[in-house]
Amino acid sequence: DAKTTQPNSMESNEEEPVHLPCNHSTISGTDYIHWYRQLPSQGPEYVIHGLTSNVNNRMASLAIAEDRKSSTLILHRATLRDAAVYYCIPLIIQGAQKLVFGQGTRLTINP
Amino acid sequence: DGGITQSPKYLFRKEGQNVTLSCEQNLNHDAMYWYRQDPGQGLRLIYYSQIVNDFQKGDIAEGYSVSREKKESFPLTVTSAQKNPTAFYLCASSGTGGRYSNQPQHFGDGTRLSIL
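Thresholds applied
- Residues numbered from 1 in each chain as written.
- Chains lettered and ligands numbered in written order.
- Predicted model: local features only at pLDDT ≥ 70, side-chain atom pairs only at ≥ 80, totals over all residues.
- Heavy atoms only, no water.
- Salt bridge = Lys/Arg side-chain N within 4 Å of Asp/Glu carboxyl O.
- Buried < 20%, exposed > 50% of the residue type's maximum accessible area, 1.4 Å probe, protein only.
- Phe/Tyr/Trp six-rings, centres within 6.5 Å; stacked < 30°, edge-to-face > 60°.
- Helix = DSSP H or I, 4+ residues; strand = E, 2+ residues; numbered from the N terminus.

## A look at the pattern of salt bridges
Part 1: In this structure the tally under the stated criterion is 6 salt bridges over all chains.
Part 2: The salt bridge partner of Glu 45 of chain A is Arg 37 of chain A, with a shortest N-O separation of 2.9 Å.
Part 3: The exposure class assigned to Glu 45 of chain A is partly exposed, which follows from its relative accessible area of 32%.
Part 4: Between Asp 38 of chain B and Arg 36 of chain B there is a salt bridge; the shortest N-O distance is 3.0 Å.
Part 5: By relative accessible area, which is 16% here, Asp 38 of chain B ends up buried.
Part 6: Beyond isolated ion pairs, a larger network of salt bridges with shared partners links Arg 37, Glu 45 and Asp 82 of chain A.

Now the structure itself:
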């Protein structure tokens, strides 16, 4: 399985951009990169996913390195509600999806 | 609104008893999943099902059992054989197969199980 490395924690200020990095140097050529986030005592919430090119949606942007060994989740203007644990996950399709959750990055947003 | 419903939110059972956690979805998804989360840890896959009447073991299936008699429902039984059942249990669903294989998983709000 592909391994990921994320910082244990990050801190940012409200209304500022946040860049959450993830290293996935052992990812295979067909694995998509998915990002989920989890608020306390809730189930994870899908944020965004991509394969090779940068992706944008209403929640965030995903920048994927050209060699696909790393990616960065970008929250353009953080709010207090963005405080959560963010998981970077290579999606393995083995019959069904297999999401392998690591420790994630705990993001703190200061008012 | 469409979504995943897990019940109950909190569950207490005596040691040695089996307990069943409910998971229902109205998203018309073929695939459903059960995860376990321990404090400060990521999620670990217990069981998953791609279609009715079929399911597969995940990474930590020992001490658990599931059934998939209906597309909408995927109950998880925590048996007395599970050595350390106290945890946060999360159910998810997704589209599967073909162009849907990369679809995101939708999660419920979880059931927190405590063994007394």
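Here the narrative resumes, following the displayed structure.
## A closer look at the packing of aromatic side chains
Part 1: Counted by the stated rule, this structure contains 11 aromatic pairs over all chains.
Part 2: Here Tyr 87 of chain A and Phe 101 of chain A contribute two aromatic rings whose centre-to-centre distance is 5.1 Å and whose plane-to-plane angle is 80°, an arrangement assigned as edge-to-face. With Tyr 87 of chain A in strand 8 (residues 84-94) and Phe 101 of chain A in the loop between strand 9 (96-99) and strand 10 (105-110), this pair connects stretches of sequence that are 14 residues apart.
Part 3: A relative accessible area of 2% means that Tyr 87 of chain A is categorised as buried.
Part 4: For Phe 101 of chain A, a relative accessible area of 8% gives the class buried.
Part 5: With centroids separated by 5.9 Å and ring planes inclined at 65°, the aromatic side chains of Tyr 64 of chain B and Tyr 89 of chain B adopt a geometry described as edge-to-face.

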